[in-house]
Amino acid sequence: MALQVDVAILGGGLHGLSCALQLARQGAEVVVLERDWIGRHASTANAGGVRTLNRDRQELDLGLAALTLWSSLPEMLDEDCGFRPVGQVRIARTETDFATEAARVQALQSDGYTHEEMINANDLKALLPQLGPECAGASYARNDGAADPHLTLRAFRRAAERAGARMMEGVTVTQLSRHNTYWDLDGIVHAPNIVVAAGAWSGSLARSLGDELPSRVRASMMTVTERTSPFPGPVVGCVGAALSLKQTTAGTLVIGGGVQGRADLNTGRSQVDFERLAIGLRLPLQLFPCLEHVRITRCWTGIEALTPDHLPVIGPSPRREGVFYCYGFSGHGFELAPITGFVLADLIAGHAPRWPLKALCPSRFWK
Ligand SMILES: Cc1cc2nc3c(=O)[nH]c(=O)nc-3n(C[C@H](O)[C@H](O)[C@H](O)COP(=O)(O)OP(=O)(O)OC[C@H]3O[C@@H](n4cnc5c(N)ncnc54)[C@H](O)[C@@H]3O)c2cc1C
């Protein structure tokens, strides 16, 4: 006998769980089907950056709404996600970078967005005392920060389960067929609505449904160091470079930013490219020469979906009834996780979306 539910969610990453949570809280019968185990891929492999700084305008309103939620997650989920609003900076090493960045922030502010500001070289040095070279300044989002991906995943999972959502792990959805009023998922689950939240594998699921949505794969690499002396300040990024550096509460430094390893979607495994990793680590050493003797303890990669415009795909299938997409976060979906559940719950209930979604809808690729 197939399990009958209102909504079946394909993929047990943070976005699948966020959808499950909000749908279950609205009274829907929900099941999450996860091929491996909940949180196996990008949702726990990530750097935990909660960043609205330099976000694409098309997803900025959603990102700002998510940021508001990050501060209230302990109440919303009844558990701590380790969110620390330490801020995020984007260092401009040269006057040219500073001018470009200042123009970007000025344009944002002219449109009424106040979450970013520019800081000069002295303020930057005060914020990041370890900074070695003279830099021109930085853009700064003081309410941004970082959270703990594992705590976040666990908190979302447990909150969704407490709300009544079921989790099925070790189940790969392969066959989706539409019957009169419901989707049949491999004969295991019947549901009128499905959410494709399968990360890097969403593109092929969409194709199997007849939706040709362009999607490639990213395999971003992460490095963790041994514990170091206190490294105060915001999460550090840099104009024109793939960098994100922060200290965890355990004292280790987590360094990422999008330097790419290798991914194999068929096996679901990814590999560190040590040569590229070493090249990528030159910049943090230039910025912070005090790290020269700090040892690396671990590195890894995580697989996720990349869209051509680096924006997620969020919205209903224009072709298939009862199909909703929520994937393609292209390296910055951790920050958005608290909000996507609300968005998808609204869409599935047939309510008008509370945030602008036009630029994120699946049909944007078919113009
Ligand atoms: C190394 C790295 C660092 C990052 N750093 C940041 C950061 O600092 N800040 C930020 O905002 N974002 C960051 N991101 C991006 C963020 O992690 C992702 O955007 C987000 O986790 C995507 O979540 P998801 O739920 O869409 O995908 P996933 O977590 O990948 O979940 C999708 C799930 O679907 C399952 N699945 C696939 N196919 C099927 C199937 N057929 N049937 C059933 N289940 C299936 C998979 O097993 C997987 O568990 C980073 C990503 C990586 C890889």
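Residues numbered from 1 in each chain as written. Predicted model: local features only at pLDDT ≥ 70, side-chain atom pairs only at ≥ 80, totals over all residues. Heavy atoms only, no water.

The name that an unreviewed UniProt entry assigns to the protein chain is Glycine/D-amino acid oxidase, with the source organism given as Gluconobacter frateurii NRIC 0228.

Caption draft 1: Quick look at the domain arrangement of the protein chain. Assigned domains of the protein chain: these are domain 1 (3–78 + 148–215 + 309–366) and domain 2 (88–143 + 216–306). Taken together, both faces of the contact between domain 1 and domain 2 bury some 2,300 Å²; the carbon and sulfur share is 57%. If you sort the residues of domain 1 by the area they bury against domain 2, Leu53, Asn54 and Arg57 come out on top, with a joint share of 26%. When the shortest N-O distance is used, the salt bridge between Arg57 and Asp111 registers 2.5 Å. Across the domain 1-domain 2 interface, the total number found is 11 residue pairs in polar contact (both at pLDDT 80 or more). Where the side of domain 1 that touches domain 2 is concerned, the elements lending two or more residues are helix 2 (42–45), strand 4 (49–50) and helix 3 (60–77). (Domains from an automatic or database assignment. Buried area = accessible area lost by both parts, 1.4 Å probe. Salt bridge = Lys/Arg side-chain N within 4 Å of Asp/Glu carboxyl O. Polar contact = N/O pair within 3.5 Å; in protein donor to acceptor, adjacent residues only side chain to side chain. Helix = DSSP H or I, 4+ residues; strand = E, 2+ residues; numbered from the N terminus.)

Caption draft 2: How the structure looks around the site of the ligand. Around the ligand sit 35 residues, and of these Glu34, Ser43, Gly49, Glu304 and Glu335 come closest. When the ligand sits alone it has 1,000 Å² of accessible area, and the protein chains cover 95% of it. If you list the elements that add at least two residues to the shell around the ligand, you get helix 1 (14–25), strand 3 (30–34), helix 2, strand 14 (216–227) and strand 20 (296–306). Looking at the shell around the ligand element by element, the count peaks at three residues for helix 2. (Near = heavy atom within 4 Å. Areas by Shrake-Rupley, 256 points an atom, 1.4 Å probe, with all protein chains shown as cover.)

Caption draft 3: Geometry of the sheet that holds strand 2 (residues 7–10). The six strands lie next to each other as 9-3-2-13-22-21, forming an open sheet whose pairing is mixed. The two strands at the open ends of the sheet, each matched to only one other strand, are strand 9 (166–169) and strand 21 (313–316). The mean inter-strand angle of the sheet, taken between neighbouring strand axes irrespective of direction, is 20°. Sheet topology note: the strand 21/strand 22 (residues 323–327) ladder contains four bridges and is antiparallel. Bridging from a neighbouring strand, Gly315 pairs with Tyr325 of strand 22. (Pairing = 2+ DSSP bridges. Axes fitted to C-alpha atoms, helices over the stretch in contact; angles between N-to-C directions.)

Caption draft 4: Looking closely at the state of the cysteines. Overall, the coordinates contain zero disulfides when judged by the stated rule. In this structure Cys135 is a free cysteine whose sulfur lies 7.0 Å from that of Cys238, the closest cysteine sulfur available. Its sulfur unpaired, Cys326 is 4.4 Å from the next cysteine sulfur, which belongs to Cys19. Residue class for Cys326 comes out buried when judged on its relative accessible area of 2%. (Disulfide = S-S within 2.5 Å. Buried < 20%, exposed > 50% of the residue type's maximum accessible area, 1.4 Å probe, protein only.)

Caption draft 5: Local environment of the pattern of salt bridges. The full count for this structure, using the stated rule, is 21 salt bridges. Where Glu79 meets Arg158, a salt bridge forms, and the shortest distance between an N and an O atom there is 2.9 Å. Of this pair, Glu79 sits in the loop between helix 3 and strand 5 (88–92) while Arg158 is found in helix 6 (residues 149–162), placing the two residues 79 residues apart along the sequence. Note that Arg178 and Glu321 form a salt bridge whose closest N and O atoms lie 3.6 Å from each other. Here the residue Arg178 occupies a position in strand 10 (residues 176–178), and Glu321 occupies one in the loop between strand 21 and strand 22, the gap between them amounting to 143 residues.

Caption draft 6: Spotlight on the sheet that holds strand 10. Spatial ordering of the open sheet is given by 1-12-11-10, a layout of four strands whose pairing is mixed. With one partner strand each, in any of the chains shown, strand 1 (3–4) and strand 10 form the two edges of the open sheet. Bridge count for strand 10 against strand 11 (residues 183–185) is three bridges, and the pairing is antiparallel. Counted as the bridge partner of Ser177 is Asp184 from strand 11.

Caption draft 7: Highlighting the side chain of Lys246. As for its position among the elements, Lys246 is in strand 16 (residues 244–247). Summary of buried charges: Lys246 has no salt-bridge partner, and the nearest side chain of opposite charge, Asp148, is 11 Å away. A polar contact is formed between the side chain of Lys246 and the backbone oxygen of Ala47, at a distance of 2.7 Å. Among residues more than four places away in sequence, those in contact with Lys246 are Ala47, Gly49, Ala146, Val235, Thr252, Leu253 and Val254. (Lys, Arg positive; Asp, Glu negative; His and termini not counted. Contact = heavy atoms within 4.5 Å.)

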